Every structure is written in structure tokens, then in C-alpha cells.
Amino acid sequence: YEIYLNGMTGAVPRLPTDLTRLEEVAEARLGPGPVGYVAGSAGSGRTARANRDALDRWQIVPRMLRDVQHRDLSVELLGARLPAPLALAPVGVLSILHPDAESGAARAAAAQGVPFTLSSASSTPMEQVAEAMGEAQRWFQLYWPKDREVTESLLARAKAAGYTALIVTLDTWLLAWRPRDLDQAYLPFLHGVGTANYFTDPAFQAGLAKPVHEDPNAAVLHFVNMFADPTKTWDDLDFLREHWDGPIVLKGILHPDDARRAADAGMDGIVVSNHGGRQVNGAIGAADALPGVVQAVGDRLTVLFDSGIRTGDDIFKALALGARAVLLGRPYAYGLGLDGQPGVEHVIRSVLAEFDLTLALSGHTSPTQLTTDALTRTNA
Ligand code: FNR
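Bear in mind that the values here come from a model prediction, so they are computed numbers and not experimental data. (Residues numbered from 1 in each chain as written. Predicted model: local features only at pLDDT ≥ 70, side-chain atom pairs only at ≥ 80, totals over all residues.)

**Side note on the overall build of the protein**
Helix and strand content of the protein: 16 helices and twelve strands. In summary, the protein has a C-alpha radius of gyration of 20 Å against a globular reference of 21 Å for 380 residues, a match within 12%. Along the three orthogonal principal directions, the C-alpha set of the protein runs to about 70 × 55 × 40 Å. Residues counted as buried form 48% of the 380 residues belonging to the protein. Here the contacts in the protein between residues at least 6 apart in sequence split such that 73% fall between residues at least 24 apart. (Helix = DSSP H or I, 4+ residues; strand = E, 2+ residues; numbered from the N terminus. Rg over C-alpha atoms; globule rule 2.2 N^0.38 Å. Buried ≥ 20, exposed ≤ 12 C-beta atoms within 10 Å, placed from the backbone. Contact = placed C-beta atoms within 7 Å.)

**A short note on the pairing of strand 8 (residues 248-253)**
Most of strand 8 is tucked away: six of the six residues are buried. Note that strand 7 (residues 165-169) and strand 8 share four bridges and pair parallel. Its bridge partner being in strand 8, T169 is matched across the sheet by K251. Taken together, the four bridges between strand 8 and strand 9 (residues 269-272) define a ladder with parallel strand orientation. (Pairing = 2+ DSSP bridges.)

**Section: the site of the ligand**
Every one of the 24 residues lining the ligand counts as a neighbour, but A89, G92, S119, G276 and G329 are closest to it. Counting only elements with at least two residues in the shell around the ligand, the list comes to helix 3 (32-39) and helix 16 (330-361). For the shell around the ligand, the per-class residue count stands at nine nonpolar, eleven polar and four charged. (Near = placed C-beta within 6 Å. Nonpolar A, V, L, I, M, F, W, Y, C, P; charged D, E, K, R; others polar.)

**Here we look at the nonpolar core**
Of all hydrophobic cores here, the largest spans 108 residues; its most connected members are I270, V272, L290, A323 and V326. Of the residues forming this core, the biggest block, eleven residues, is contributed by helix 16. Ignoring sequence-local partners within four residues, the contact set of L290 consists of V272, F305, A318, L321, G322 and A323. (Core = buried A, V, L, I, M, F, W, Y, C linked by C-beta atoms within 7 Å.)

**Considerations on the environment of V294**
For V294, the location among the structural elements is in helix 14 (residues 286-297). For V294 and A323, which are 29 residues apart along the polypeptide, the C-alpha to C-alpha distance reads 7.4 Å. Residues within four places of V294 in sequence aside, it is in contact with V303, L321 and G322.

**Observations concerning the pairing of strand 10 (residues 302-305)**
Where burial is concerned, the two faces of strand 10 agree: the one with T302 and L304 and the one with V303 and F305 are both buried. Two strands pair when backbone bridges link them, and strand 9 and strand 10 are joined in this way by four bridges, in the parallel orientation. Looking across to strand 10, one finds that I270 is bridged to V303. Once the chain exits strand 9 it traverses helix 14 before rejoining the sheet at strand 10, and the crossover so formed is right-handed. Crossover strand 10 to strand 11 (residues 325-328) through helix 15 (residues 312-320) is right-handed. (Right-handed = clockwise from strand over helix to strand, strands pointing away.)

**Thoughts on the environment of R21**
Mapped onto the elements of the fold, R21 is located in the loop between helix 1 (2-8) and helix 2 (22-29). Assessed through the 13 C-beta atoms surrounding it within 10 Å, R21 is described here as partly exposed.

**Considering helix 6 (residues 126-133)**
Along helix 6, the residues classified as buried are M126, V129, A130, A132 and M133. Mapping the buried residues of helix 6 onto a view down its axis gives an arc of 160 degrees, with all of them on the same face. Buried residues along helix 6 sit against helix 5 (101-112), strand 5 (116-118), strand 6 (138-142), helix 7 (148-160) and helix 9 (196-199). (Arc of directions from axis to C-beta.)

**Comments concerning the environment of T17**
Tracing the sequence through the fold places T17 in the loop between helix 1 and helix 2. Overall, the presence of 15 C-beta atoms within 10 Å leaves T17 in the partly exposed class. For the pair T17 and V347, spaced 330 residues apart in sequence, the C-alpha separation works out to 7.9 Å.

**Digging into the confidence of the model for the protein**
Residue-level pLDDT values for the protein average 94, and 97% of them are 70 or greater. Quick note on the complex model: pTM equals 0.97, ipTM equals 1.00. (pLDDT = per-residue confidence, 0-100.)

**Focus: unusual backbone geometry**
Positive phi values are uncommon outside glycine, yet H275 reaches one of about 65 degrees. Along the polypeptide, H275 turns up in the loop between strand 9 and helix 14. For H275, a count of 25 C-beta atoms within 10 Å corresponds to the buried category. Despite not being glycine, S307 shows a phi value in the positive range, around 100 degrees. Here S307 lies in the loop between strand 10 and helix 15.

**Some remarks on the packing of helix 15 against helix 16**
Packing of helix 15 against helix 16 brings their axes to within 7 Å, and their N-to-C directions diverge by 60 degrees. By the angle class used here, helix 15 and helix 16 are oblique. Taken as a pair, helix 15 and helix 16 cross one another with a handedness that is right-handed. The segment helix 15 lies against helix 16, with G312, D313, I315 and F316 engaging V351, E354, F355, L357, T358 and L359. Counted by class, the contact of helix 15 with helix 16 contains six nonpolar, two polar and two charged residues. (Axes fitted to C-alpha atoms, helices over the stretch in contact; angles between N-to-C directions. Parallel < 35°, antiparallel > 145°, perpendicular 65-115°, else oblique. Left-handed = near helix turned anticlockwise from the far one by under 90°.)

Printed below as a string of C-alpha cells:
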């Protein structure tokens, strides 16, 4: 209605309301470095396409005459009531895209009551972002460092700054072969401030021969070498439990057996995700992995979903397949790049409005009513 009313004065939205078009607009308006960083996928992009194909293979079968006038999008998730089954995914180094960076994205999320997940590769110190979040839910994403003291320090800082859930990313012990970043020699990535969470960390600084400002290149190299630890196994999860008393969510689960292991290890949740197709080229489309994982553990822990969500009907499908909420990645990064904080607000409000309409027009009043009965699968 807001868009409609503004339209009566001749004002049209500054960004497309079809969020699938944001990438095209970003390709045209942002430089090759920033847009390559966001759009880039692993290898030939096969898995990024598989994410879309997997969602597109499902179709919604709307139901009629069900009184859908009063709707409530809210859900109970990880010990909190959220206004909608949506959170912003962790996206590192947002300063590459816009000076509003993480604080702007966090403020946009907070304005809608949507949780913001701060990447541990944030270009803004986590304490500063926490302030921008006010009372809204904030989650902290961990790339689990090699260095035990640094890990402890990051977790202690996150706890002190009021982050509630810990999202531990398991699919990025190494950065994948990403041609669009490689072709740019990772220049945008290494533009210095990208690792502020680390660079401002006392335990990280203690591992440097010289202070960051005296030898930034050495600091970047140190970060690249220690930001994740490929030797980690399921046995190491106890360490996280010892150092984090809130919910722990493992991000990057695709196999039902891994989902069972997460439940056996007492984890609170998982994110079914292939990192937006940015890690294993040729990996299964995330929505193709979702039903098997939900069947294995849906009654034991909270299953979240990301990778490929672009529209309100995608959210509908992921929830109908058993996810409790979804995380949104690239669309909000493009919104930020194109228009800063208001761009992120535009993306969140558009996708939620579309989800609300999809829910209503297909005969539902709450996300909790969605089951596979609302879908049919095509063979294409
Ligand atoms: C990411 N993602 C990510 N994940 C994570 O755990 N920590 C991080 O720092 C990042 N950084 C990051 C940067 C960029 C530019 C993108 C696009 C993605 C992955 C992200 O959290 C999420 O899994 C995907 O973005 C979801 O897929 P869609 O929505 O982009 O298709």
C-alpha cells in the first residue's frame, strides 16, 4: 500500500521490487570488484544455479475460501519470538559495498525486528554493530580460527556485546576456487578494513610481530592463515559448548547423517546451506538437501535454510519443506551496495511483503501452517 500511495504522487521505488533483478542492476551500477565479490560463486557456478533450480522445481498449490484476513508472520525461534521467519545471513566485509557497511545493514534489520547475523569477517568491530542493533536479536557467525585464544576472545566479546546465538560455519575451512574473486586478485577483499573483528581483537593483535598499522600486510597474511582450521572434527564441538552458553547453530549442513551428528552433539540448530554455491561447485542444490535433513532431525533441533532465497515464494517453499526460518544473503548485499541502509530496508520489506501476500493468497495465515501439502514437485 505504501508503494501504491507514494505512486499517486509520482514516486516509484528506487530499487526494483523484483529482487531477482537486483543482481542485474548491481552489475550495471557497482564496480566489477564489489559486484564480483557478491555475485561470484565457486567454479562454473553450477551449484548457485542448482540452488535456484531446486527451489523452482517446487510449485505452490493455493487453497481457497479459508479466511486469510488476519495473518501473523511471527515465529518462535532459538528462544526468541521473531516478527517473521527471516534473518540476514552473515556476509563478510560489507564495507566493500557501501560505507554504511555492517552497521547500516544491522540498523535496517533492527528496524524490521529481523535478526542480523554478524560475520566474523566483518569490516566493523562487533561491539559497534551491536550498538546499531538496539534491542533486536543479533547472532554472531564464527569462522572457527586455528588459534584457541583468538576463538575464546571472539566468543567472549560476542557474549559481552549481547549476541545471543552462535552460528558456526562449517563449509569454509578454505576459500573455494572462485573465479570472479581470483580474476580480481582478491583486491576488494584485501582493502584493509575487511577483518576489523580480528584486527581489533586483543588476542589476534598479540599474535602479530608489529602492530596492525605498522605492517597491515603482515596482519592480513596472519588473518588468512588463522581464520579457519581445516583440522577440526565433530569432537571439537565440546569446546564451543564450554565457551558459549546460548544456542549454537551449525551452518553448512547438507547430509542427513551430518544433521544427525549435530543433533547427537546437542546442537540447537543447523542451517541447511551450501554457502550460496560459493564453496563446492557441483554440490547439491540446498533445497534438494532440505527434505532429507528435515526428515532426519526436524523434531530434534531447529532447521534453518539458506542458499538461493530471492523472493517471498522461495521463503514459502523452504518453510513448507520443513525449515523454521530462512537466511537471506546476496539480495541484501546488493541492496546495501546500491543504496546503503535504505537499500537493505527495501530488500527486507519487499521480500516480507511478498511472503505475506503469498501466504495469504495460497490460503494460510501463519508460517507455522506450512507443510509439504502446500507444494507439488515438477519433474523438470
Ligand atoms: C557469504 N556467506 C558467508 N557465510 C558465512 O558464514 N560467513 C561469511 O562471512 C560469509 N560471507 C559471504 C559473503 C558474500 C558476498 C556472500 C554472497 C555470502 C554465505 C552467506 O551467509 C549465505 O550462506 C549465502 O549468501 C546464502 O545464499 P544466497 O542467499 O546468497 O543465495
